[in-house]
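Observations on the model geometry
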Amino acid sequence: MVLYHAITSYHLLEFITHKLFYNKNKYAILIIPEFLTENYPSYRIWEDNNVFNKIIVFPYRNLSKLTSKNKILQEISRFIKDNIDFSINEFEEIHVAGAQYYFTLYLIENNIPFFFYEEGSGLLSNNKVLSDIVKNINIIQHQIAEENNMYNGNHRLVIKKYCNINSQQEGFYDPKAEHYDVVESILKLPEDDKYKIINFFLKNNIISIDQESVLLLTQQFANLKILSFEDQILIYQLFVDYFLSDKKLVIKTHPDDILYYSKLFPDAKIIREKFPSEILPVLSKKCVDCIATISSTAIKNISNYYKEAIYLGEQFIADFKHIHKYYTVLELIDKIGCQKSIMVTNGVNNFILETLQKAIYTSQSENEEYKNTIYIIDKFESEDNANAFQEVEYIIKSSSYNDIIFFINSTKEYYFHDIFNKQVWDCITPICINKSLKRNNEVYADLEEEVIYFYSKNERFRKMAEKVHFSKELTNTGIEISVKELTSEQRKIKALEGILEATEKRLLYYMNLVEEYEKRRGDSK
């Protein structure tokens, strides 16, 4: 006998496939939450066709309201006793996806071994993404999951950890890890089993898309409290405007995504059918050449089946509001004629930078090329700002005459500013990014001016940067960004504003250091 526990659409697909591929003739029970049945009301079909002998709907919504671990265990034990006709110990195999949910707590408390499945492709080695989500939604569930290592499966009762090995972070190794690729498994199934899966999720609907289109996979950022509802709209508006604006857009929504994409992107085709993206390569009809997402784990399972995949990663969620600065840096590099220069980054989101480069630099610049290094510097992970100040000071001092340094300054820490040596500002040109409104509805971007700082010891480069001007209309976002040539007086004012804010920041930093020092002295007495 086999027992499966699934939480999401992806898990459901995983275990339907696993049962058909590995355990076709074994007695099996599937446990799913009540909220999954709302997306798939015909779930009982898997009982009717004898794939699962019994499907049990678990009342997770009620359990999520409980705050006592003992009470949660009592409720789970009672439910299992009332709904499963066997002792859990009688099952030969127990397969658990969504191990951060409370069913796993029951297994652990009863000393029952089980097979662990990563939440989504690549998350076994990047499980902080999952832990942060659960922590935001239910702190009790998070504490229990963390206490029992259910984000990474590091528990003595875990027999094996099933994951897509090819999707893990570089250098990943886990002696219990076992490769399981749901797409590979589906493709190996007999045609009638493939048909059952496709028919269940798509209800005989044919997904017809022009091959030249780009297919965008969305995520439920607002539902999971990763972003506000407004910021979820904004992140997709910016994503489409900067990376997909020249492509015919098809949007495949996440099964639990509630955004009104047809209103936000009226020219796009919207696929609202609720199905995990992993079945896309299984569809008999050729889909598209390019697939895109912000950070959906599904793309890691299916990107090999497409000519091009655009993926920006979880860090884009933290950095997307600074994308105008990244774009401006690349425009300046292009217009100065430094596309072929060596590029060194520090504290920069390289996914954004590299993907934007592909979108902007469709052909090589015809301008003069220089043999120099371009440094692009933003934020530092170190909590000790002193190290960051010293590192930036070293880069500035060691830069050659023709080198260029861009300070994105997204955290407004002004790492390049030295209150004891303001001469660095003599080689800095402020570049102002202005924004203007292009429509009055569904605009969630702010209109505040943004500033990046261009540093070079070469006066000619500074003069070239001063004269750069361009504009870009962001149709879906509803704004236009522009960089205009400033007068000498305007540049001086912007530099003085920067110096004033930088000095204030640095003084606050030193004041905090003194305060911490005095506190430590007091504690040591």
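Overview of the structure. Remember, it's a predicted structure, so these values are computed and weren't measured experimentally. (Residues numbered from 1 in each chain as written. Predicted model: local features only at pLDDT ≥ 70, side-chain atom pairs only at ≥ 80, totals over all residues. Heavy atoms only, no water.)

A few words on the nonpolar core. A general trend in soluble globular proteins is that nonpolar side chains are found buried together. In this structure, Phe239, Phe316, Leu356 and Phe406 are the most contacted members of the largest nonpolar core, which totals 62 residues. Among the elements that line this core, the one with the most residues is helix 11 (residues 229-243), at 9 residues. Not counting residues within four places of it along the chain, the set of residues in contact with Phe406 comprises Val329, Leu332, Ile333, Ile374, Tyr375, Ile376, Ile377, Ile452, Tyr453 and Phe454. By size, the runner-up hydrophobic cluster in this structure holds 52 residues, among which are Ala6, Val250, Val282 and Cys287. (Core = buried A, V, L, I, M, F, W, Y, C linked by side-chain atoms within 4.5 Å. Buried < 20%, exposed > 50% of the residue type's maximum accessible area, 1.4 Å probe, protein only. Helix = DSSP H or I, 4+ residues; strand = E, 2+ residues; numbered from the N terminus. Contact = heavy atoms within 4.5 Å.)

Only one face of strand 18 (residues 470-474) is buried, namely the one carrying Phe470, Lys472 and Leu474, since none of Ser471 and Glu473 on the opposite face is buried. Across 5 bridges, the pairing between strand 18 and strand 19 (residues 479-483) is antiparallel. Among the inter-strand pairings, Leu474 is bridged to a residue of strand 19, identified as Ile479. Hairpin connection from strand 18 to strand 19: 4 residues lie between these consecutive antiparallel strands, with Gly478 at a positive phi of about 90°. (Pairing = 2+ DSSP bridges.)

The next subject is the sheet that holds strand 15 (residues 404-407). Across the sheet, which stays open at both edges, the 7 strands sit in the order 13-14-15-17-16-19-18 with mixed pairing between neighbours. Across the chains shown, the open sheet's two edge strands, defined by having one partner strand only, are strand 13 (342-346) and strand 18. Across this sheet, the average inter-strand angle for adjacent strands is 20°, counted without regard to direction. Both strand 16 (residues 428-437) and strand 17 (residues 450-455) contribute to a ladder of 6 bridges, which runs antiparallel. For Pro430, the partnering residue across the bridge sits in strand 17 and is Tyr453. This element, helix 11, spans strand 18 and strand 19 of the sheet and lies at about 125° to strand 18. Packing of helix 15 (residues 323-336) onto the sheet brings it into contact with strand 13, strand 14 (373-377), strand 15, strand 16, strand 17, strand 18 and strand 19, and relative to strand 17 it is tilted by some 40°. (Axes fitted to C-alpha atoms, helices over the stretch in contact; angles between N-to-C directions.)

Here Ser277 shows up in the loop between strand 10 (269-271) and strand 11 (290-293). Here Ser277 is in contact with Leu217, Lys252, Ala298 and Ile302, once residues within four sequence places are set aside.

Moving on, we get to empty space enclosed by the protein. Applying the stated criterion across every chain yields a total of 3 cavities of 30 Å³ or more. There is about 70 Å³ of room inside the largest cavity. In this structure, the largest cavity is lined by 13 residues; those nearest its centre are Phe116, Glu118, Glu119, Leu130 and Tyr151. Here the lining of the largest cavity is composed, by residue class, of 8 nonpolar, 3 polar and 2 charged. (1 Å grid on protein atoms, 1.4 Å probe; cavity = no way out; pocket = protein on both sides within 12 Å on 5 of 7 lines; lining within 4 Å. Points joined across faces, edges and corners; volume = space filled by probe spheres on them. Nonpolar A, V, L, I, M, F, W, Y, C, P; charged D, E, K, R; others polar.)

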